[in-house]
Amino acid sequence: MPPNKSGLNVLSYENDDDLDLLYSFKKRGYRTTPILYVNGKQISPDLARKARPNQTLLSFLRDVLRLTGSKLGCAEGGCGACTVMISRFEKSNTASSNDEGTNDDNDGGAIKHYAVNACLMPVLAADGCHITTVEGVGSVKDDNLHPIQRAMVDMHGSQCGFCTPGIIVAIYSLLANNATTAHMEEHLDGNLCRCTGYRPIWDAARSLCSDIEDVCTNKVHEHMNAEMGVIRGPCGTPCRSCPERDSCEMDCNAKDKENGKTDQKEKSMENGGGAKSAPKENLCCSSSVDKMSSYQSVLPKDSASSWRNQPIDMFPDSLTSAPDSEIGMELFKPLLVVDSTAHGRSTWMKPTTILELLSLLRQYGESDNGCKIIVGNTEVGIETKFKHAVYPCLIYPSQTIDSLYDITITSTHFRLGACTSLGTVQQECERLIGNANVDRIAKPIYNMLRWFASTQIRNVACLGGNLVTASPISDMNPMLVSMNANLVVASISSISEGSITRRIIPVLDFFCSYRTVDLKPYELVECIDVPLTREIFEYVVPFKQARRREDDISIVTSGMRIILAPKESEHYVIEDMTLAFGGMAPTTIVASETASNLIGMPFCAQTFKKGGEILREELKLPDDVPGGQAEYRITVASSFLYQFFLTVATELKMDADKIQMDPIKYGISIPLPPLPLVEEEEMSGTQQFVSSKKPSSLGMQTYPTPKVVEGIEKKISPTPATAALQTSSNSLGKPLPHASAPFHCTGEAIYVDDIPTPPSTLHAFLLLATECDVTLKSINKEAALKIPGVVDVYTHDDLVKLGGENAIGPIMHDECVFLPVGEKIVSVGQVLGIVIGNSIEISEIGARSVKVEYGEKQVQTIVSIDDAIKAGSFYEFARHTLERGDVDSVFCSSDNKEEEKEPLSMQPRERVVKVEGSFRCGGQEHFYLETNTTLVIPSEAATNLTIYCSTQAPTKTQTYCASSTNTPASKVVVRMKRMGGGFGGKETRSIFASCAAAVAAKLVNKPVKLTLDRNVDMSTTGGRHSFVVEYRASAIATEEGEFKLHSLDAKLFSNAGCAFDLSGPVMDRALFHIDNCYFWPNFRAVGVPCKTVQPPHTAFRGFGGPQGLSACEHVIEHLALACGIHGDVLRRQSLYELGQSTPFGMTFGEQASGKWNVPRMWDELYEKLNISSRREAIDAFNKQNKWKKRGLAFIPTKFGIAFTAKFMNQGGALVHLYTDGTVLVTHGGTEMGQGLHTKVCQIAAHAFGIPLADVYVNDSSTDKVANTIPTAASQSTDLYGMATLDACRQILMRLEPIRQQMGPDASLSDLATKGFFERIDLSAHGFYAIDASRCGFNWDAPLPDDYPCDLPPNSHKGQPFNYFTQGVACTEVEIDVLSGNHRTIQADLLVDLGASLNPMIDIGQIEGAFIQGMGWSTMEEVIYADDDHAWIRPRGKVFTTGPGTYKIPAFNDVPETFNVSLLEDTENPFAVHSGKAVGEPPFFLGACVFFAIQEAIQAFRVQNGDANYFEMRMPATSERIRMMCADEFVVESIRSQKRDISPDNKALEEVIKKFQPKGSY
Ligand SMILES: Cc1cc2nc3c(=O)[nH]c(=O)nc-3n(C[C@H](O)[C@H](O)[C@H](O)COP(=O)(O)OP(=O)(O)OC[C@H]3O[C@@H](n4cnc5c(N)ncnc54)[C@H](O)[C@@H]3O)c2cc1C
Ligand code: FES
Ligand code: FES
């Protein structure tokens, strides 16, 4: 075999005479060019030949075809940003002919549509398929949006828009298959959105489903009962309060106008008849149901069928007419593609018959480089991308090989072709449920597959792939083992012989050891045979427990099968049993000892209790087991066994009933033995999510009728008369869609990675440290430089040659661009250099080839806060204390309890209640869908740099890129159009990557693009700080039984990581928020960031606030329990009252902090939700359900708005008015999905009195608005909105004389044109800085001698906040005790946003923040290699580096009822147009879910006899929920794991009592 140009062994079809391989191919002739169709057009052979064997479909679409709508979010199939639709003409492979949702032609073939992950699918696997990308769905051009794109725009389904193209295509694919709402709810499991909170996407997606009208009709009754005001409008605008109502011609409005009249009539009748209160006219409400049903009425009727038929209409005829057509004949030939480019390491072969396939395996299976079958590539793709496996020869079995794809039922078996997609298996099993022969197999397989990966993965991945991968946590393997399934393995002995040998092997025997199977390299798994079960008394049940329900690999998975037999009239006896587990050993295992002990025993609870004991012993795990969670895994496995008993008991009853009805049919004599005794409340243990319907989410959004209210602008300058030009086109205050939404939805929105690059552009990959706490001894680039396509490797020495400054960092400058040799590596993932090459793949290979030598490790690496406290590793200079009153009056400073004093202020018969404890909350990964990307273009001999960068901080990027490249800042321009999410993660942590790229670009004098892979981004950029808070707190009980908070004494430690970044201000904000909304007369909070080896942690939505607020709520819960009252009572009694002040000296009252609305909001929502009766219902539910518990939490929040550093509270804007009357605004803020540009445009449009469409914000650029501060702290609209208004007003003032001349009817265009001829400057720079008295806090300010004693303590240090955004939230959850799962049944939020500038954008921010806060507090767990996770190496490394290991909330996690309201009758004189900042404040309300979970756990513990306080740490993962329930399963599992401690030893009881699941803090 000749070596190819890259020096690797591949096949060469140019000289095929030498190749035995082509023996079979040559017989029939073969193709060397794939046949690809994209968006209705065939790809020309020239372009198609560019498709490489090891290239993903996404790379081909983006890099070769320049279709950049599909995005790269993770490259591991975990986010869905890359989703495209594959349509293929297929003959039916299924057991029978029902093909609902497909388009059968006369031959039985049909066009089938599948959503797939283009980041995993090899481009050559799309040979013979039609690919639809988002560009093929619809376009902004010619107003050609597809209804689903229109629905997403109208219903506010996009924010940053990076996930949107993938979601659009996922929905489009489901609609192409005639999805019902139930299908939609089942299958949106492969897409993540980090911004929206999903609810609006649900609304848009369901609104086009075939059954939506029926669904809405059913829901409408329920909806009409709600006490609601004005409704309707898919645009989100409530028709009855819309100023454009009269001119609006939307059908929904026409109907509503009609309904309005009727309603009016009815209302007057109601009023006349003394009926209940009328709807509130000043509130606008839009519900999911309203939007969905009204959307039906605005769909263009005449084109309704055309959009439904679009996927078929676009499908090329030439692909349906196979095999007669020319293309059809070609498609039936095998395909052989050999890569001859610099990437070339691979050959692709697509055999079309089983003999061809087996010949190839026989020929190449045992060759040096081997060959690899790939089907879905969902495993191999991950191995090549992340484990760097190299497979030079790939074999892709064609769909024409029937035995690999068929599903058949014989008299003894259910046979599944090994390459049939899991999606097809799932569909087929769903269809076969109820079929007497296979029901008991089809149902468990179907149920398991519903939770297996995602729709996109299941659409391509196959069962054979799952088995051959032999993952210890495979979901299907335990199931198949329990069902006694067999594999049929095929091979041929020689390529010339051609006779196929088949051997049968039981699935269990197939797994030899960790990821090793009994399969020779020349063998093929042809199919899987599952024996049919008995019609009665045989039961198979699947179990799965993961971190997240949807699209997550298992922690523990299991398939359990049992055969029962009636033993005379006594009882049922266990005749046979298989208990197979995944996640409990290096391979799928069978608990044979447990099973053999149970076989022959009576089928009853007692037997299974005994079984649990044996199982725990049999499945013992080592303490440092890879994957961790040893105790949890044992607990879950034994809980599964008990759930199995309960489930089978239920099914047995059904069988018994059937037999009673017809004993002859079943050949069983009656009477049957009595059924095992199971108490009613135990039965709640049978309901697992695996077999339940996926919940759907509906919501109601309510906000005050839009109106324009003057805010801070009133104080600053008068409104010029010109502003009152055309008020009828006023857009301010309206719920308008995000300005970029149409572009998001069509994939036409440009992100940095989508910018067409100059032809000479090089691609970069960072060289990262793989160790830490060791010296960097040397970097050897030699091997990398030898790789064809690698251009250079730059390190610190090269930066020095440029004269660049290596030190960077926002406050302390304690980071560096490239670590110099000889210095200590402070973090795994620290940047050592940058490799540039012709493609990102080549640069990555280059980076892996650089030889880095490390010194010896001398010290114990400090990873966690506990490590840092032990070692005294603090950023000591940032230690701050906020103090007032006399905390020590309650708590002595020493730990000696004897010395504790009673509070000085106590009345004679008052009693003090004290608590002491600690609270921990974990970190959080930003998981913006777009990773950090920078494109640096040098010009003029590299003296100038233009940097396109996804950053929240263009000026900081400019400053550091200038200093690191030794270029004057005036010659560095940073431009930012939009980011695919930021959340604080791109405030400072994008900068090191831009600096590295800038240094490379300047050195090589060519454009350099650096896009961080998801795993690199997650390993290097840091996230939210984890916190440990130690506290003591007290309340005073009065004689009347009331309680008042008295003291809080808290020590806060944050894990800041290896560099300071923004950790000081983050800690400060935690200190400023640990009071939450409660008056603590005596208060002391001391905070210090800890120095560890984690990457520098940074800003993240809430900026330390949520950590402080959560700690406060934890303390309140603890205190309430100690006081013997409900937390709600203590909370409500302790809310700040007017005149009281915060520990930092802000007094509640109109002047200082604005209106204090929290008490009012608390009372309103409490009453509206009827909390007392909800709690009664919860109590009743909890009594009836032993293993399911509900909890409800109600919490308030206030969030301070302003940067605490005074200088940062400023913003600039540049406004140009053009003579056609349109306006271009550039301001210092950046758009990351939060709708800033939209709101700024609304402000400018309002100022000029022009339609919103006439105002445009292009990008943020340091050459237009300079010296900007990062877009952060939620207050960008306050700053840039006001700066823009300032600029608009300046222009208007200049035009005022012309307005006087031309009169009130002159248009802005007339005024501008005349102004231009009169040489009036139509451009203005606006500026706004928050009043100096309303921002900035100087921790070190000394107390002036003459400080008035009536002023609140600490107010002499300044006022950190301009005002507070306030809110309250109530959530209700249900936990499943036996697994640890939870679901959020309902969430209701009421938020004070003043006079909202755009209510639907604001509600979008609230929903998104809530879901992000819910994710942080419940499921998102960042894991480091620390003491608790010794199985990860090296110490200090982050383990959670992608969607596979780190779980953000998915579609299925949204509250099932999700209602958001904006407070009425409120305003804010301290911000532009009286609005309030919204981005961060609602984040903490998401933690309400955590507190509801805590309450549910408490309910279970109380039922179990333990009403004491327990320390619930954040996040409330399924592990923590399960283990904190501390029932007998948990206790026995811990006991069985702690074998080193004697069971009689008291120490063991102590260990059990104090047990906490492991965590990284
Ligand atoms: C995002 C994501 C989520 C996932 N979630 C889950 C999950 O929830 N549960 C779970 O169990 N797994 C999960 N997986 C793992 C993976 O999807 C499965 O293992 C899948 O079934 C593999 O099938 P495939 O067709 O993609 O295999 P490929 O990647 O194409 O191949 C995998 C291996 O199987 C071999 N192979 C395939 N077919 C045959 C055959 N007929 N004969 C011989 N060898 C063959 C290949 O040579 C290769 O070694 C997930 C993967 C991803 C990327
Ligand atoms: S990029 Fe393909 S799933 Fe994330
Ligand atoms: S809009 Fe979904 S990730 Fe931003």
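Residues numbered from 1 in each chain as written. Chains lettered and ligands numbered in written order. Predicted model: local features only at pLDDT ≥ 70, side-chain atom pairs only at ≥ 80, totals over all residues. Heavy atoms only, no water.

An unreviewed UniProt entry annotates the protein chain as Xanthine dehydrogenase originating from Ditylum brightwellii.

A.B. asks: Would you take a moment to explain the overall build of the protein chain for this structure?
C.D. replies: A tally of regular secondary structure across the protein chain gives 50 helices and 48 strands. Against the compact-globule benchmark of 36 Å for 1561 residues, the protein chain has a radius of gyration of 33 Å, which places it among compact chains. Projected onto its principal axes, the C-alpha coordinates of the protein chain cover approximately 100 × 80 × 80 Å. Classification of the 1561 residues of the protein chain by burial places 65% in the buried group. Long-range pairs, those at least 24 residues apart, make up 78% of the contacts in the protein chain between residues at least 6 apart in sequence. Counting 148 positive and 189 negative side-chain charges, the protein chain places the centres of these two groups 2 Å from one another. (Helix = DSSP H or I, 4+ residues; strand = E, 2+ residues; numbered from the N terminus. Rg over C-alpha atoms; globule rule 2.2 N^0.38 Å. Buried < 20%, exposed > 50% of the residue type's maximum accessible area, 1.4 Å probe, protein only. Contact = heavy atoms within 4.5 Å. Lys, Arg positive; Asp, Glu negative; His and termini not counted. Charge placed at Lys NZ, Arg CZ, Asp CG, Glu CD.)

A.B. asks: Sorry if this is basic, but what is going on with the UniProt feature "binding site: substrate" (unreviewed entry) in the protein chain here?
C.D. replies: In the numbering adopted here, UniProt assigns the feature "binding site: substrate" (unreviewed entry) to Glu987, Arg1069, Phe1103 and Thr1204. For glutamate 987, a relative accessible area of 4% gives the class buried. Inspection of the secondary structure assignment puts threonine 1204 in the loop between β40 (1188–1201) and β41 (1210–1217). Setting aside its immediate chain neighbours within four residues, threonine 1204 contacts Phe1072, Gly1336, Phe1337, Pro1360 and Phe1361. (UniProt positions renumbered as here; feature names shortened; annotations may be inferred.)

A.B. asks: Hey, could you run me through the nonpolar core in this one?
C.D. replies: Looking at soluble globular proteins, one finds that nonpolar side chains tend to be buried together. Within the largest apolar cluster, 276 residues are counted, with the highest numbers of intra-cluster contacts made by Ile562, Phe581, Phe603, Phe644, Leu1052, Ile1074 and Trp1080. Per-element accounting of this core gives the leading share, 16 residues, to helix α26 (residues 630–661). Sequence-distant contacts of phenylalanine 644, defined by excluding residues within four places in its chain, comprise Tyr539, Val541, Phe543, Met560, Arg561, Ile562, Met577, Leu579 and Phe608. (Core = buried A, V, L, I, M, F, W, Y, C linked by side-chain atoms within 4.5 Å.)

A.B. asks: How should I be thinking about the environment of glycine 1145 in this particular structure?
C.D. replies: For glycine 1145, the position within the fold is in the loop between α39 (1127–1134) and α40 (1150–1153). Sequence separation between glycine 1145 and glycine 984 is 161 residues; the distance between their C-alpha atoms is 27 Å. Discounting chain neighbours no more than four positions away, the residues touching glycine 1145 are Pro1352, Pro1353, Asn1354 and Ser1355.

A.B. asks: Please explain the pairing of strand β5 (residues 109–117) as it appears in this structure.
C.D. replies: Two faces, one strand: in a regular strand the side chains alternate between the faces of the sheet. Where burial is concerned, most of β5 is hidden: nine out of the nine residues are buried. Both faces of β5 are covered, namely the face carrying Gly109, Ile111, His113, Ala115 and Asn117 and the face carrying Ala110, Lys112, Tyr114 and Val116.

A.B. asks: Would you take a moment to explain the site of ligand 1 for this structure?
C.D. replies: By nearness alone, 34 residues border ligand 1, and Ile373, Val375, Thr378, Glu379 and Asp475 come closest of all. One of the backbone N or O atoms of glycine 376 is found 2.9 Å from an oxygen atom in ligand 1. Glutamate 379 is positioned such that a nitrogen or oxygen atom in its backbone is 2.8 Å from an oxygen atom of ligand 1. Sorting the residues of the shell around ligand 1 by element identifies β10 (372–373), α21 (463–469) and β18 (524–531) as the ones contributing at least two each. (Near = heavy atom within 4 Å. Polar contact = N/O pair within 3.5 Å; in protein donor to acceptor, adjacent residues only side chain to side chain.)

A.B. asks: It is not clear to me how the packing of helix α5 (residues 147–154) against helix α6 (residues 164–176) should be interpreted in this structure. Could you clarify?
C.D. replies: The axes of two packed helices give the description: the angle between them and the distance between them. Contact geometry of α5 with α6 gives a least axis separation of 10 Å together with a crossing angle of 130°. Between α5 and α6, the interaxial angle falls into the category oblique. Note on packing geometry: the crossing formed by α5 with α6 is right-handed. Contacts between α5 and α6 involve Ile148, Gln149 and Met152 from the former and Thr164, Ile167, Ile168, Ile171 and Leu175 from the latter. Per-class residue counts for the contact of α5 with α6 are six nonpolar, two polar and no charged. (Axes fitted to C-alpha atoms, helices over the stretch in contact; angles between N-to-C directions. Parallel < 35°, antiparallel > 145°, perpendicular 65-115°, else oblique. Left-handed = near helix turned anticlockwise from the far one by under 90°. Nonpolar A, V, L, I, M, F, W, Y, C, P; charged D, E, K, R; others polar.)

A.B. asks: Looking at this model, I keep getting lost on the sheet that holds strand β39 (residues 1082–1091). Mind explaining?
C.D. replies: Remark on secondary structure: sheet strands pair via backbone hydrogen bonds, oriented parallel or antiparallel. Here we have five strands laid out as an open sheet, ordered β31-β39-β38-β37-β32, and mixed in their pairing. The sheet is open, and its two borders are formed by β31 (880–884) and β32 (911–921), each paired with just one other strand. On average, each strand axis in the sheet is inclined to that of its neighbour by 10°, with strand direction left out of account. Looking at chain direction, β32 and strand β37 (residues 1027–1037) are connected through 11 bridges and run antiparallel. Each bridged residue has a counterpart across the sheet, and for valine 913 the counterpart in β37 is alanine 1035. The strands touched by helix α37 (residues 1063–1073) within the sheet are β31, β37, β38 (1043–1057) and β39, with β39 carrying the most contacts at an inclination of about 160°. (Pairing = 2+ DSSP bridges.)

A.B. asks: Explanation requested: the sheet that holds strand β11 (residues 393–395) in the structure shown.
C.D. replies: Spatially, four strands are ordered β8-β9-β11-β10 in an open sheet, and the strand pairing comes out mixed. Taken across any chain shown, the strands that pair with only one partner, and hence form the sheet edges, are β8 (335–338) and β10. Sheet topology note: the β8/strand β9 (residues 347–350) ladder contains four bridges and is antiparallel. Bridging across to β9, valine 338 finds its partner in threonine 347.

A.B. asks: How should unusual backbone geometry be read in this particular structure?
C.D. replies: Residues other than glycine predominantly adopt negative phi, and peptide bonds predominantly adopt the trans conformation. The amide bond that connects arginine 1433 to the next residue, proline 1434, takes the cis arrangement and shows omega of -10°. Among the structural elements, proline 1434 can be located in the loop between α46 (1399–1418) and β48 (1457–1462). Non-glycine residue phenylalanine 537 carries a positive phi angle of around 65°. Tracing the sequence through the fold places phenylalanine 537 in the loop between β18 and β19 (538–546).

A.B. asks: How do you make sense of the UniProt feature "binding site: [2Fe-2S] cluster 1" (unreviewed entry) in the protein chain when you look at a structure like this?
C.D. replies: Within the UniProt annotation, "binding site: [2Fe-2S] cluster 1" (unreviewed entry) is assigned to Cys74, Cys79, Cys82 and Cys119. In three dimensions, the annotated residues from a span of 46 residues occupy one location, with a maximal C-alpha spread of 10.1 Å. When you line up the elements, cysteine 82 lands in the loop between α3 (57–64) and β3 (83–91). Note that cysteine 119 resides in the loop between β5 and β6 (129–132). By relative accessible area, which is 7% here, cysteine 119 ends up buried. With sequence-adjacent residues up to four places away left out, cysteine 119 is seen in contact with Thr56, Leu58, Leu72, Ala75, Glu76, Gly77 and Cys82.

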